[in-house]
Each structure stands twice: as C-alpha cells, then as structure tokens.
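Commentary on secondary and tertiary structure
The lines below spell out each chain.
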Amino acid sequence: MADAKSWDDIQSRMKAMVFNELFDMIVAIANGGIIPAAMLNQRLQVPVELLKINYRDSKQKPIYGSPQLLDEINFDVKNKKVLLVEDRVKTGATVNYAKELLKDAALVRTFAVNGSADYALYNEACFSFPWIL
C-alpha cells in the first residue's frame, strides 16, 4: 500500500469540496465511513446515522461472498436527501448494496475519501488513511 495521506491534505480537500445538494442526513458505512462522516458532519451540520455493513477485512480482502448487513437499520430515510459516506470504494459492491438498502430516500449521493463516487477526495491506487492504526 502506498504512503498515507496527511490529515491536513484530507481536511483541505474536504473543506474545498463543493456539494451540489443540501442533504438532510449523512449515512456512514461503518466502520470505514465513520471518521469521514464525522468530518462532514462538522461542515454540513446534518445528523449522522450508521449503516453497519461488512465485506472486506482490514487488508481489503473480501471475507464474504457479498456485502452483509450486520445490524438492523434504526433510522428512517424516506423522502430524505442522503449523503452516503465510505472511506474507500474499490468495486462499488458495498456502496451499491447500501444504496439498495436506502432505496426509500428521495436522493442518495455517495462520498468516498478514495475511489469512484459522486463526491471523492481522491481516485487513486490504494493508500492508507491517517486514522488507521
């Protein structure tokens, strides 16, 4: 894996990002999306909910045949504009599964620190994040 991105670089890119929508809520894919979602919450001032999905281990190797919902969804997205947050989008399997789970939302846009998303800070080869120990 390549060198880690710095907190300063991630923070400056997040501050500079222009969002074309006003969101009612942020939904973080846990665990990877929690820290980026918390940072976005500070900027956008909208509530954050967690969607507990797992597909890969800490070394990014799939541990299931497809993404798995690990805990029931305890929030309502019906008719809401949602920003779905993930740390890394490689194949899109987890994000696409999450979007299906959020199908009652009025709008779902995706955010990734790295990868292919509606809003992405980077779209590069894999690198480590400063919050990963």
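These figures come from a predicted structure and were not determined experimentally.

The next point concerns the side chain of Asn114. Along the chain, the position of Asn114 falls in strand 5 (residues 107–115). What makes Asn114 buried here is its relative accessible area of 2%. Excluding anything up to four places from it in sequence, Asn114 contacts Asp87, Arg88, Val89, Tyr122, Asn123, Glu124, Ala125, Cys126, Phe127 and Phe129.

Cis geometry marks the peptide bond from Ala30 to Asn31; its omega dihedral reads 20°. For Asn31, the location among the structural elements is in the loop between strand 1 (25–30) and helix 2 (34–44). A positive phi is found at Gln45, a non-glycine position, where the angle reads about 55°. Mapping Gln45 onto the fold places it in the loop between helix 2 and strand 2 (48–54). Of note, Asn79 is a non-glycine position whose phi angle comes to about 65°, a positive value. Structurally, Asn79 is set in the loop between strand 3 (68–69) and strand 4 (81–89).

Here the focus is a nonpolar patch on the surface. A surface patch of nonpolar side chains, about 370 Å² in accessible area, is lined by Trp7, Ile34, Ile35, Val48 and Leu50. Looking at the nonpolar patch, the elements that each hand over two or more residues are helix 2 and strand 2. Within the secondary structure layout, Ile35 lies in helix 2. The exposure class assigned to Ile35 is partly exposed, which follows from its relative accessible area of 31%.

Reading the values: rules and limits
- Residues numbered from 1 in each chain as written.
- Predicted model: local features only at pLDDT ≥ 70, side-chain atom pairs only at ≥ 80, totals over all residues.
- Heavy atoms only, no water.
- Helix = DSSP H or I, 4+ residues; strand = E, 2+ residues; numbered from the N terminus.
- Buried < 20%, exposed > 50% of the residue type's maximum accessible area, 1.4 Å probe, protein only.
- Contact = heavy atoms within 4.5 Å.
- Patch = residues over 30% accessible without salt bridge, like charges linked within 9 Å, V, L, I, M, F, W, Y side chains within 5 Å.
- Areas by Shrake-Rupley, 256 points an atom, 1.4 Å probe, with all protein chains shown as cover.
- Salt bridge = Lys/Arg side-chain N within 4 Å of Asp/Glu carboxyl O.

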